[in-house]
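Each chain, written out:
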Amino acid sequence: MTAFRIAPAVADAFPDTLIAVVTATGLRGHEPWPDTAAALEALERQLADSSWQPADETDPRIEAWHTAYRSFGTNPRRIRPSVDALGRRFAKKGILPRINPAVDSYNAVSVRHGLPAGAFDLDHVTGDVNIRYANGTETFTPLGEPDTVENPKPGEIIYDDTTGVLTRHWNHRDAHRTRVTEDSARVAFVLETLHATRDSHLLKFAAEELHGLLMLHAEQTRVHYLSAEQPEVTVWTASSGPS
């Protein structure tokens, strides 16, 4: 079991936060995921025919993250929230990246709904996962840079476990250690909003959409929610049959 926890100081600073934690056990990342492929292709067609555009920094969903980033000392136009960076890349190139089916699934849901998303391979997470303010002594190795070690700035919001930092700047970039690959069998996916009062229905719809893509290729899937009112959830990720 792994607990996901919002630190009291973060809950106090962002009281309308709602985070969906979608867990999947027994993921089969080496088989085709046709529904995920179709979701990516549909978004690319909609962008190409101008029937849909990804949310940009003028959208309230993205603007809220820019405001949050500035509150803890990060320039969001230099270090962008993940969904903002993904949407900008998509609008410019016209295609979404193909990484692996699990990552492609949360990217599709993230950009479609304008919500930051990420994922952690739970077989490489140590202890519980905390969302908290950094004190500056923590270490972080960025995704794709296994020989790089960074120290988050004091006051920066991070995800971490007992080994080190899992994401910097709340949701800007994931760690290399807990990256999701085709071999990842136990994964926790997160989707986030800072304005549950306005967007909880959107977040819950997106979480169920992601759940639907995952359950076709997993033994067990579950959706959990973190909020200021419920700042801790324990996720059970043992393989015990279909969801």
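Preceding this section is the structure that the text describes.
Bear in mind that the values here come from a model prediction, so they are computed numbers and not experimental data.

Basis of the calculations
- Residues numbered from 1 in each chain as written.
- Predicted model: local features only at pLDDT ≥ 70, side-chain atom pairs only at ≥ 80, totals over all residues.
- Heavy atoms only, no water.
- Pairing = 2+ DSSP bridges.
- Helix = DSSP H or I, 4+ residues; strand = E, 2+ residues; numbered from the N terminus.
- Axes fitted to C-alpha atoms, helices over the stretch in contact; angles between N-to-C directions.
- Salt bridge = Lys/Arg side-chain N within 4 Å of Asp/Glu carboxyl O.
- Buried < 20%, exposed > 50% of the residue type's maximum accessible area, 1.4 Å probe, protein only.
- 1 Å grid on protein atoms, 1.4 Å probe; cavity = no way out; pocket = protein on both sides within 12 Å on 5 of 7 lines; lining within 4 Å.
- Points joined across faces, edges and corners; volume = space filled by probe spheres on them.
- Nonpolar A, V, L, I, M, F, W, Y, C, P; charged D, E, K, R; others polar.
- Parallel < 35°, antiparallel > 145°, perpendicular 65-115°, else oblique.
- Left-handed = near helix turned anticlockwise from the far one by under 90°.
- Contact = heavy atoms within 4.5 Å.

### Examining the sheet that holds strand β9 (residues 220-227)
- The four strands lie next to each other as β3-β8-β2-β9, forming an open sheet whose pairing is antiparallel. Because the sheet does not close on itself, it has two edges, and the strands there are β3 (117-121) and β9. Adjacent strand axes in the sheet meet at a mean angle of 20° when their direction is disregarded.

### As for the pattern of salt bridges
- Per the counting criterion, the structure on display carries 17 salt bridges.
- Linking R80 and E57 is a salt bridge whose minimum nitrogen-to-oxygen distance equals 3.1 Å. Of this pair, R80 sits in the loop between α3 (60-71) and α4 (82-93) while E57 sits in the loop between α2 (34-48) and α3, placing them 23 residues apart in sequence.
- For R80, a relative accessible area of 12% translates into the label buried.
- Two residues, R112 and E209, come together in a salt bridge whose shortest N-O distance is 3.2 Å. Taken together, the positions of R112 in helix α5 (residues 101-113) and E209 in helix α6 (residues 196-215) put the pair 97 residues apart, joining distant regions of the chain.
- For E209, a relative accessible area of 23% corresponds to the partly exposed category.
- Salt bridges linked by common partners bring E57, R77, R80 and D84 together as one network.

### Side note on the environment of E41
- Inspection of the secondary structure assignment puts E41 in helix α2.
- For E41, a relative accessible area of 39% corresponds to the partly exposed category.
- In the structure, E41 is positioned 55 residues away from L96 in sequence and 8.7 Å away in space, judged by C-alpha atoms.

### Focus on empty space enclosed by the protein
- In this structure the tally under the stated criterion is one cavity of 30 Å³ or more.
- Within this model, the largest cavity holds a volume of roughly 50 Å³.
- Around the largest cavity sit R61, A64, W65, G114, L115, P116, E192, T193, L194, H195, R198 and D199, which together line it.
- Residue assignment for the lining of the largest cavity shows that the elements contributing at least two residues are α3, β8 (186-193) and α6.
- For the lining of the largest cavity, the element with the most residues is α3, which contributes three residues.
- For the lining of the largest cavity, the per-class residue count stands at five nonpolar, three polar and four charged.

### A look at the packing of α5 against α6
- Put simply, α5 and α6 touch, their axes get as near as 10 Å, and they point 155° apart. Judged by the inter-axis angle, α5 sits roughly antiparallel to α6. Between α5 and α6 the crossing geometry is right-handed. Residues S105, Y106, V109, R112 and H113 of α5 pack against L202, F205, A206, E209, L210 and L213 of α6.
- Considered class by class, the residues forming the contact of α5 with α6 number seven nonpolar, two polar and two charged.

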